[in-house]
Amino acid sequence: MRTSEPARARGGPSGRTLLAWALSVAVLIAATLALFLRAPREVPEGPMRLLLPMNAQEREAWTFEGGRGSSVETRDGLLVLRAAPEDPHVAFHRALVLSEAARGVRLEGEVRFTGRAGAERHAAARIHLWAFDAAGRRLPDQRIDLWQARGDRDWRIVRADLPLPPGAASVRLVLRLQATAGDLQVRRLSASALVPDPRYASARLGLGLGWFLALLAGGVLLWRAAERRGLAAFALVASALGLAAILAPPEAFALLLGGLAPALGRASSTPFLPHALLAASLAILAGRALAIVRLWPAAAVALLLAVAGEVLQLFSDQRQPALDDALANAAGGIFGLWVARTLERLEPARPEPEPPPVELRDLPLVPWPERDGGASRGP
């Protein structure tokens with residue numbers, strides 16, 4: 001990146017300042033990935049509630065549905081659900097009491113299956129949830145199970161966090177043999193509601209504030225280093241609009257006026273194209289504003305921002321980052337910087353400003369040299 005004399009006179013950022021900003025963005029990327037991909041968003045609302053073994057009162061909470069030859073029995077804390085080959089359909093289910101804040105259910109237990117599933121794709125021995133809306137209608141099966149088997153399995157300890165679908169008002173735990181003959185055996189089955197973790201919400205808010213400050217600092221650095229302030233302002237506005245575009249939900253584009261929404265929809269169906277074009281456009285604007293003549297330092301920043309643009313999508317509930325989009329961002333950004341550098345080199349060299357003329361009255365006064373031992377001569 002070249003910095004002209006006027007830019008330095010305005011107090012442009014130093015190399016250490018730019019490096020510190022880049023390191024802060026890298027730290028934010030790592031922290032965001034760790035929070036959204038590794039940290040739990042929900043925590044158990046309380047201790048795990050033991051559902052098996054069951055006492056007589058708990059037995060009343062369960063409902064049995066089965067065909068010919070099917071049965072359910074409990075002995076010594078072990079539940080055995082059996083479906084006969086002539087009618088291999090059976091379900092044993094109960095309601096789970098959840099608070100309004102519940103976002104899912106954590107289930108754990110020990111399971112074994114002996115038997116064989118049918119040829120249908122849906123056939124299996126399963127432990128999963130049924131969710132119902134406020135009117136009591138069952139919501140579509142999400143095919144998210146605590147456990148599933150199509151053939152003989154030995155005892156296994158299983159544990160999973162099952163999310164509730166949107167609109168769920170009530171939920172039932174289901175032990176099921178679906179087009180599957182055999183025995184499903186379960187013991188030490190327990191459950192707990194999952195509620196939002198307040199620490200996750202606080203960390204997300206803190207990271208969002210950190211990203212806002214980092215992006216604001218990046219805009220300030222671009223403005224201070226710019227040799228063309230008009231293009232710098234254009235680049236900053238375009239960057240803000242691009243950030244809003246990658247964070248907005250997909251349906252927001254339907255609100256665009258005229259034929260722009262269909263055009264964006266067609267462009268989005270082409271792999272890499274929208275991300276590459278957006279990154280290239282921003283890179284050309286920023287490169288021309290900064291008057292870059294060295295490509296690789298600016299390309300390193302473009303690569304960092306290409307990853308940051310995808311990682312920021314984790315803050316949007318309806319968007320997910322993708323590696324191919326990050327590659328498209330990087331390719332478009334580097335291409336745009338190359339175009340900006342090429343245009344910069346094709347421009348004629350700007351003449352250095354001539355120094356202002358020096359007037360004699362501006363020269364410093366110098367005493368006349370003395371001679372002959374310091375005695376001055378008269379006329």
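Residues numbered from 1 in each chain as written. Predicted model: local features only at pLDDT ≥ 70, side-chain atom pairs only at ≥ 80, totals over all residues. Heavy atoms only, no water.

In this section: helix α2 (residues 15-38). The first and last C-alpha atoms of α2 sit 34 Å apart over 24 residues, in line with the 34 Å expected at 1.5 Å per residue. The set of residues buried in α2 consists of Trp21, Ala22, Val25, Leu28, Ile29, Thr32, Leu35 and Phe36. Lining the buried residues of α2 we find α4 (198-225) and α8 (295-311). (Helix = DSSP H or I, 4+ residues; strand = E, 2+ residues; numbered from the N terminus. Expected span 1.5 Å × (residues − 1). Buried < 20%, exposed > 50% of the residue type's maximum accessible area, 1.4 Å probe, protein only. Contact = heavy atoms within 4.5 Å.)

Our focus in this paragraph is the packing of α4 against helix α5 (residues 229-247). In the contact formed by α4 and α5, the axes pass within 9 Å of each other and the chain directions differ by 160°. The angle between α4 and α5 falls in the class roughly antiparallel. Of the two elements, α4 crosses α5, and the hand of that crossing is right-handed. Contact with α4, carried on its side by Leu215, Gly219, Leu222, Trp223 and Arg224, involves Arg229, Ala232, Ala233, Ala235, Leu236 and Leu243 of α5 and no other residues of that element. Residues belonging to the contact of α4 with α5 are distributed by class as follows: 8 nonpolar, 1 polar and 2 charged. (Axes fitted to C-alpha atoms, helices over the stretch in contact; angles between N-to-C directions. Parallel < 35°, antiparallel > 145°, perpendicular 65-115°, else oblique. Left-handed = near helix turned anticlockwise from the far one by under 90°. Nonpolar A, V, L, I, M, F, W, Y, C, P; charged D, E, K, R; others polar.)

This paragraph deals with helix α7 (residues 273-290). The terminal C-alpha atoms of α7 lie 25 Å apart, and with 18 residues this matches the ideal 26 Å at 1.5 Å per residue to within 8%. Along its buried surface, α7 packs onto α4, α5, α8 and α9 (323-346). Following α7 by one or two positions, Ala291 has its phi on the positive side, about 55°.

A few words now on the confidence of the model for the protein. Confidence in the prediction of the protein, expressed as mean pLDDT, is 86, and 83% of residues score 70 or more. A low-confidence stretch, residues 1-11 (pLDDT under 50), is modelled with 23 contacts involving residues beyond four sequence positions or located in other chains. (pLDDT = per-residue confidence, 0-100.)

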